[in-house]
2 protein chains.
Amino acid sequence: MALGGVEPGHTRPGGRTARVRDAVLRAAGDALAEHGMDALDLGDVARRAQVGKTTVYRRWGTVPILVADLLRDMADQSLPRTETGSLLGDLTANARLVQETLADARQGALFKAVIAAATCDAATARALHAFYATRVGEWAPCVEQAVDRGELPPGTDPHEVVRAVSAPLYYSLLCTGGALDAAAADRAAAAAAAAARAGLHVRSGD
Amino acid sequence: MALGGVEPGHTRPGGRTARVRDAVLRAAGDALAEHGMDALDLGDVARRAQVGKTTVYRRWGTVPILVADLLRDMADQSLPRTETGSLLGDLTANARLVQETLADARQGALFKAVIAAATCDAATARALHAFYATRVGEWAPCVEQAVDRGELPPGTDPHEVVRAVSAPLYYSLLCTGGALDAAAADRAAAAAAAAARAGLHVRSGD
DNA sequence: AAGTTAACGGTACTGTTGTTCCGTTAGTAT
DNA sequence: ATACTAACGGAACAACAGTACCGTTAACTT
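Residues numbered from 1 in each chain as written. Chains lettered and ligands numbered in written order. Predicted model: local features only at pLDDT ≥ 70, side-chain atom pairs only at ≥ 80, totals over all residues. Heavy atoms only, no water.

With that settled, the discussion passes to the overall build of chain A. A count of helical and extended segments in chain A gives 9 helices and 0 strands. For chain A, the α and β elements follow one another from N to C terminus as α-α-α-α-α-α-α-α-α. Counting over 206 residues, chain A shows a buried share of 47%. Counting 22 positive and 24 negative side-chain charges, chain A places the averaged centre of each group 7 Å from the other. (Helix = DSSP H or I, 4+ residues; strand = E, 2+ residues; numbered from the N terminus. Buried < 20%, exposed > 50% of the residue type's maximum accessible area, 1.4 Å probe, protein only. Lys, Arg positive; Asp, Glu negative; His and termini not counted. Charge placed at Lys NZ, Arg CZ, Asp CG, Glu CD.)

For the pair chain B and chain A, the best superposition has an RMSD of 0.0 Å and corresponds to a rotation of 180° with a translation of 0.0 Å parallel to the axis. On the angle and the small slide along the axis, the relation comes out as a two-fold axis. Every residue of chain B has its C-alpha some distance from the rotation axis, and the shortest such distance is that of Ala116(B), at 2.2 Å. A shared binding surface is used by both copies, with 100% of the interface residues of chain B retained as interface residues in chain A. (Least-squares fit on C-alpha atoms with pLDDT ≥ 70 in both. Contact = heavy atoms within 4.5 Å.)

So, on to the UniProt feature "DNA-binding region" (unreviewed entry) in chain A. Cross-referencing UniProt, the feature "DNA-binding region" (unreviewed entry) maps to residues 41-60 of chain A in the present numbering. Between the C-alpha atoms that bound residues 41-60 of chain A the distance is 12 Å, and the span itself is 75% helix and 0% strand. (UniProt positions renumbered as here; feature names shortened; annotations may be inferred.)

A word on the interface of chain B and chain A. With 29 residues of chain B at the interface, the matching set in chain A holds 29 residues. Taken together, the links from chain B to chain A amount to 2 salt bridges. Summed over the shared surface of chain B and chain A, the result is 2 residue pairs in polar contact (both at pLDDT 80 or more). Every element with two or more residues in the side of chain B that touches chain A is listed here: helix H6 (105-118), helix H7 (122-149), helix H8 (158-176) and helix H9 (182-197) of chain B. In terms of residue count, H8(B) provides more of the side of chain B that touches chain A than any other element does, 10 residues in total. Of the residues in the side of chain B that touches chain A, the class split is 18 nonpolar, 6 polar and 5 charged. (Salt bridge = Lys/Arg side-chain N within 4 Å of Asp/Glu carboxyl O. Polar contact = N/O pair within 3.5 Å; in protein donor to acceptor, adjacent residues only side chain to side chain. Nonpolar A, V, L, I, M, F, W, Y, C, P; charged D, E, K, R; others polar.)

All names here are of chain A. Take threonine 156: it is sitting in the loop between helix H7 (122-149) and helix H8 (158-176). Residue classification places threonine 156 among the buried residues on the basis of a relative accessible area of 4%. Polar contacts involving the side chain of threonine 156 include one to the main-chain carbonyl oxygen of proline 153, which spans 2.6 Å. When residues no more than four places from it in sequence are discounted, the contact partners of threonine 156 are Val143, Val147, Val161, His201, Val202 and Arg203.

All names here are of chain A. Under the domain assignment, chain A is made up of domain 1 (16-74) and domain 2 (80-197). If you average the C-alpha positions of domain 1 and of domain 2, the two centres end up 27 Å apart. Taken together, the contact pairs 15 residues of domain 1 with 15 residues of domain 2. Summed over the shared surface of domain 1 and domain 2, the result is 1 salt bridge. In this structure, aspartate 30 and arginine 106 form a salt bridge, with 2.6 Å as the shortest nitrogen-oxygen distance. Scanning the region where domain 1 abuts domain 2 turns up 3 residue pairs in polar contact (both at pLDDT 80 or more). For the side of domain 1 that touches domain 2, the secondary structure elements donating two or more residues are helix H1 (15-35) and helix H4 (63-76). (Domains from an automatic or database assignment.)

For the rest of this paragraph, the subject is H7(A). Side chains that are three or four residues apart share a direction in an α-helix, a result of its 3.6 residues per turn. Residue and element names in this part refer to chain A. For H7, spanning 28 residues, the distance from its first C-alpha to its last is 40 Å, which sits close to the expected 40 Å at 1.5 Å a residue. Largest kink in H7: about 35°, centred on glutamate 138, with the proline proline 141 one to four residues after it. Where H7 begins, the capping side chain belongs to aspartate 121, and its oxygen is found 3.2 Å from the backbone nitrogen of alanine 123. Within two residues after H7, glycine 150 carries a phi angle of roughly 90°, on the positive side. (Expected span 1.5 Å × (residues − 1). Bend = angle between axes of the 7 residues up to and from the residue.)

For the rest of this paragraph, the subject is the protein's contact with DNA strand D. Among the 23 residues in the neighbourhood of DNA strand D, the closest are listed as Gly14(A), Thr11(B), Gly52(B), Thr54(B) and Arg58(B). When the atoms of DNA strand D within 4 Å of the protein are grouped by moiety, sugar and phosphate amount to 58% of the total. At 2.9 Å, a side-chain N or O of Lys53(A) approaches a base nitrogen of DNA strand D. Here a phosphate oxygen of DNA strand D sits 2.9 Å away from a polar atom, N or O, in the side chain of Tyr57(A). If you list the elements that add at least two residues to the surface near DNA strand D, you get H1 and helix H3 (53-59) of chain A together with helix H1 (15-35) and helix H3 (53-59) of chain B. For the surface near DNA strand D, the element with the highest residue contribution is H3(B), accounting for 4 residues. Among the residues forming the surface near DNA strand D, the class breakdown is 5 nonpolar, 9 polar and 9 charged. (Near = heavy atom within 4 Å.)

Quick look at the UniProt feature "domain: HTH tetR-type" (unreviewed entry) in chain A now. The UniProt record marks residues 18-78 of chain A with the feature "domain: HTH tetR-type" (unreviewed entry), using the residue numbering of this structure. What you have in residues 18-78 of chain A is 77% helix and 0% strand, and the ends, taken at the C-alpha atoms, are 20 Å apart.

Per the counting criterion, the structure on display carries 10 aromatic pairs over all chains. With a centroid separation of 5.2 Å and an interplanar angle of 40°, the aromatic rings of Tyr171(A) and Tyr170(B) are classed as tilted. Pair noted here: Tyr171(A) is in helix H8 and Tyr170(B) is in helix H8, and the two residues belong to different chains. The class for Tyr170(B) is buried, based on a relative accessible area of 5%. Relative to Tyr132(B), the ring of Phe131(B) has its centre 5.1 Å away and its plane inclined at 80°; by these criteria the two rings are edge-to-face. Taken together through their ring pairs, the aromatic side chains of Phe111(A), Phe131(A), Tyr132(A), Tyr170(A) and Tyr171(B) make up a single cluster. (Phe/Tyr/Trp six-rings, centres within 6.5 Å; stacked < 30°, edge-to-face > 60°.)

All names here are of chain A. Here the phi dihedral of glutamine 50 falls at roughly 55°; this positive angle occurs in a residue that is not glycine. Within the secondary structure layout, glutamine 50 lies in the loop between helix H2 (42-49) and H3. Among the residues examined, glutamine 50 registers a relative accessible area of 75% and is labelled exposed.

In structure tokens form, the structure reads like this:
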């Protein structure tokens with residue numbers, strides 16, 4: 001796919017090119033949420049986006065590459081963070097947000113598909129890691145504030161704490177099939193807060 | 001694929017049929033670990049297993065179905081549980097086992113592929129949930145013993161605690177790409193123990 | 001506002017994945 | 001031992017995902 005020259009979409013990024021990208025990414029998201037990533041046919045995506053099949057194959061070429069682009073698009077759409085004044089309150093708000101996203105039929109299926117695609121291709125995996133680095137980074141300040149307030153020991157790794165909130169929810173979604181309700185979210189937040197207070201997420205050495 | 005009659009492998013489960021199943025499942029595991037689940041070609045599996053392509057398509061038919069059978073096979077191979085006498089020791093032993101498995105090149109890739117396949121097919125997802133229910137159940141007794149010793153509050157859900165150990169490790173493997181080293185395992189175990197001691201995994205109501 | 005060419009889109013093609021057909025092998029029953 | 005048939009295996013076939021070609025559209029330049 002990547003030929004000698006530059007790939008399409010860079011030298012002339014104006015009107016039509018951008019419209020095509022939007023339509024294709026939206027169609028890809030819909031198709032992924034409906035059928036999952038293995039059943040994703042680029043011809044079908046082209047049809048949904050009302051775009052030539054050739055265009056999709058030329059600009060993206062494979063499912064993982066298309067998914068990686070979708071992830072970059074998703075990372076750009078940042079969500080507002082709520083501030084409650086306490087660590088547990090903030091982490092619970094985050095946990096509820098994640099839980100509601102994953103429990104939602106379309107969004108949950110989309111996340112599953114995207115994560116599955118990342119297991120098949122290194123570049124897609126990098127895009128997924130970048131996506132989570134972005135999302136986790138958006139919530140890290142609430143941990144930093146907790147350190148400043150004296151709720152947490154100094155040296156606590158904010159990213160580590162935020163990741164600890166999401167982990168059990170994703171583990172349920174992907175592995176065990178456990179319930180993804182508000183109670184699960186609250187438990188995840190409380191557990192992360194307890195571990196952080198116990199100093200288990202203090203950076204050692206570096 | 002599932003025709004009116006019975007599917008192959010049930011009415012005559014003796015020698016050859018069993019040998020074919022073993023060879024195909026081993027070949028499927030190898031192929032999954034090498035290429036990931038989207039690049040899995042049943043014809044290639046048949047070649048590796050030195051078995052007719054027709055046989056693989058007749059008995060399994062699709063990638064998710066084959067993966068589901070592989071999962072049943074994996075669940076049967078149970079691992080011995082080490083007992084250290086303390087909750088933290090036992091959970092750390094479990095965390096190290098999971099961490100080493102996921103960090104191993106072949107095993108880690110295989111788990112990724114299997115989880116990806118489960119996102120594409122409901123029956124495969126059920127097989128995956130059953131696999132984790134089995135594995136988690138094998139380690140639940142160490143939590144029960146901790147309750148008996150008085151280390152944990154009565155009513156603590158053993159499965160919940162064991163799942164809490166694995167969650168951050170799988171989250172690193174699948175989503176964030178975080179390090180999967182012994183330190184990560186120890187942190188996961190310590191965090192789960194802290195949350196359990198704080199009574200966060202006590203069954204409420206039911 | 002006229003020209004240049006990046007990027008799009010339809011159609012015809014190719015290669016691989018999955019199916020069908022039928023003959024052969026080997027478990028199981030008597 | 002012999003008969004019966006479930007399950008396997010090879011080869012020819014069909015369908016569809018992905019590619020190549022080339023004419024058309026529209027973004028950017030001067």
